Amino acid sequence: MKIALLEPIGVPGSVIEGHAKKLKEMGHEFVYYDTKTTDSKELAARSGGCEIVMIANNPYPAEVVENTASLKMLSVAFTGIDHVAVDACREHGIMICNAAGYSNQTVAELIIGMAVDALRKVVKADGIVRSGGTSAGIGGREICGRTVGIIGLGRIGLMTAKLFLAFGARVIAYNRSENEEAKMLGIEYRSLEEVLSISDIVSLNLPLNAQTRGFLSKDRIALMRPDTIFINCARGPIVDNAALADALNNDRLGYACVDVFDMEPPLPKDYPLLHAKNTLLTPHQAFISEEAMLRRAEIVFHNVYAYLAGEPVNVCG
């Protein structure tokens, strides 16, 4: 069976080589590409003759699926699969397996870091020191005692909630279903309207799909208070980012920490959030840490081994 890893997945070459050796010893052909491409023709060429293809977060569009007749399984080194032509894969009987869980801790920790910066003005303070200033007027506030609203209490949302609880925050959440572990931790389930209007800090942790695209609309953004801190380390298109920028610039929202946008960075120079005040922007890095990349590689290769053994895991499409 021919298996190809179409792009780098953020781990040392020795990790890839170890898995390549194992697959070859099992009698399979393994091909690894150490450069990224978004060109459909090149992706189709790299996928040619493969029964199993492994990708990270680069798009895998329908035209590639339709031109890779031998493909049977797609192992995605990412939690979300919104960059994959899921419908086309279903039509062609291609199984999709993801790497859910690899970045739970890493994403949650960045969310906490963003909250600390928004409350204590860490980045601003660095600039003050470098320009000869003092700590006058930059004291800030604590996480402890604040109400934190989690929108989407899946694995990452729950991990985020646990870290906020450890800081002494009160955590409320909006989710389609309720989790017994969350209740035992003291997390209160509320309506979306309550979470948005009550919370001092709102963390968005929903997946991107047809139901959540544009979920945080202008009207829903307006439910947050003028001093609320909003954090998005989920997916950019879930939010009306032009409306978010407008709310910030007109003092209808206190602060926004955003790691994901309507497109991948680099962002267009006229992108609204680049010109919004009271923002902390990061270049879609929430999922990236040494530990998370190693976990991701293990999961994405384990998906392949499980499929080859006839016992697929992490099936999501």
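Just above sits the structure.
Points about the sheet that holds strand S8 (residues 188-189)
Sheet strands associate in pairs through backbone hydrogen bonding, adopting either a parallel or an antiparallel arrangement.
So, step 1. Across the sheet, seven strands lie side by side as S8-S7-S6-S9-S10-S11-S12; this open sheet has parallel pairing. Taken across any chain shown, the strands that pair with only one partner, and hence form the sheet edges, are S8 and strand S12 (279-281).
So, step 2. Relative to strand S10 (residues 229-232), strand S9 (residues 201-204) runs parallel, the two being bridged by four bridges. Considered in S10, the bridge of Ser203 is made with Ile231.
So, step 3. The strands touched by helix H11 (residues 241-249) within the sheet are S10, strand S11 (255-258) and S12, with S11 carrying the most contacts at an inclination of about 145°.

Here we look at the nonpolar core
So, step 1. Counting residues in each nonpolar core, the largest one holds 77 residues, and the members touching the most others are Ile9, Phe164 and Phe301.
So, step 2. If you tally residues by element for this core, the top one is helix H12 (residues 290-308), at eight residues.
So, step 3. What Phe301 contacts, discounting residues up to four positions off in sequence, is Leu5, Ile9, Ile16, His19, Leu23, Phe30 and Met54.
So, step 4. By size, the runner-up hydrophobic cluster in this structure holds 30 residues, among which are Met224, Val239, Leu248 and Ala256.

Some words on the side chain of Ser75
So, step 1. Relative to the elements of secondary structure, Ser75 occurs in strand S4 (residues 73-76).
So, step 2. Separated by 3.5 Å, the side chains of Ser75 and Asn303 make a polar contact.
So, step 3. The residues touching Ser75, leaving out its near neighbours within four places in the chain, are Val53, Met54, Ile55, Cys97, Val300, Asn303 and Val304.

Some remarks on the pattern of salt bridges
So, step 1. This structure, assessed with the given rule, holds 14 salt bridges.
So, step 2. A salt bridge links Asp251 to Lys277, with the shortest nitrogen-to-oxygen separation between them at 3.0 Å. Of this pair, Asp251 sits in the loop between H11 and S11 while Lys277 sits in the loop between S11 and S12; the two residues are 26 residues apart in sequence, bridging distant segments of the chain.
So, step 3. Taking relative accessible area as the criterion, Asp251 reaches 48% and is therefore assigned partly exposed.
So, step 4. A relative accessible area of 35% places Lys277 in the partly exposed class.

Focus on the pairing of strand S2 (residues 29-32)
So, step 1. Bridge count for strand S1 (residues 2-5) against S2 is four bridges, and the pairing is parallel. Opposite Leu5, over in S2, you have Tyr32 as the bridge partner.

Considerations on the environment of Leu185
So, step 1. Here Leu185 is to be found in the loop between helix H8 (180-184) and S8.
So, step 2. Here Leu185 falls in the partly exposed class, since its relative accessible area comes to 36%.
So, step 3. Sequence spacing of Leu185 and Gly93 is 92 residues, and the spatial spacing of their C-alpha atoms is 41 Å.
So, step 4. Residues in contact with Leu185, not counting those within four places in the same chain, are Leu158, Lys162 and Leu165.

Some words on the environment of Gln105
So, step 1. Mapping Gln105 onto the fold places it in helix H5 (residues 104-120).
So, step 2. On the basis of relative accessibility, which here comes to 30%, the residue Gln105 falls in the partly exposed class.
So, step 3. The spatial distance from the C-alpha of Gln105 to the C-alpha of Thr160 is 7.9 Å, given a sequence separation of 55 residues.
So, step 4. Excluding its chain neighbours within four sequence positions, the residues that come into contact with Gln105 are Met159, Leu163 and Arg295.

Topic: the sheet that holds S4
So, step 1. The strand order across the open sheet built from five strands is S2-S1-S3-S4-S5, with neighbouring strands paired in parallel fashion. Whereas interior strands pair on both sides, the edge strands pair on one side only; in this sheet they are S2 and strand S5 (95-97). In this sheet, adjacent strand axes meet at a mean angle of 15° when their direction is disregarded.
So, step 2. Alignment of strand S3 (residues 52-55) against S4, held across four bridges, turns out to be parallel. Each bridged residue has a counterpart across the sheet, and for Met54 the counterpart in S4 is Ser75.
So, step 3. Together, S1, S2, S3, S4 and S5 form the strand contacts of H12, whose direction differs from that of S4 by roughly 155°.

Side note on the packing of aromatic side chains
So, step 1. Counted by the stated rule, this structure contains four aromatic pairs.
So, step 2. Relative to Phe287, the ring of Phe78 has its centre 5.1 Å away and its plane inclined at 80°; by these criteria the two rings are edge-to-face. One end of the pair, Phe78, is in the loop between S4 and helix H4 (86-91); the other, Phe287, is in the loop between S12 and H12, and 209 residues separate them in sequence. The pair Phe78 / Phe287 is uniform in exposure class, with both members buried.
So, step 3. The ring of Tyr305 carries the charged tip of Lys22 above its face, separated from the ring centre by 4.1 Å.
So, step 4. The ring of Phe215 has Arg220 sitting right over it, with the charged end atom 4.5 Å from the ring centre.

Definitions and limits used
Residues numbered from 1 in each chain as written. Predicted model: local features only at pLDDT ≥ 70, side-chain atom pairs only at ≥ 80, totals over all residues. Heavy atoms only, no water. Pairing = 2+ DSSP bridges. Helix = DSSP H or I, 4+ residues; strand = E, 2+ residues; numbered from the N terminus. Contact = heavy atoms within 4.5 Å. Axes fitted to C-alpha atoms, helices over the stretch in contact; angles between N-to-C directions. Core = buried A, V, L, I, M, F, W, Y, C linked by side-chain atoms within 4.5 Å. Buried < 20%, exposed > 50% of the residue type's maximum accessible area, 1.4 Å probe, protein only. Polar contact = N/O pair within 3.5 Å; in protein donor to acceptor, adjacent residues only side chain to side chain. Salt bridge = Lys/Arg side-chain N within 4 Å of Asp/Glu carboxyl O. Phe/Tyr/Trp six-rings, centres within 6.5 Å; stacked < 30°, edge-to-face > 60°. Lys NZ or Arg CZ within 6 Å of the ring centre and 35° of its normal.

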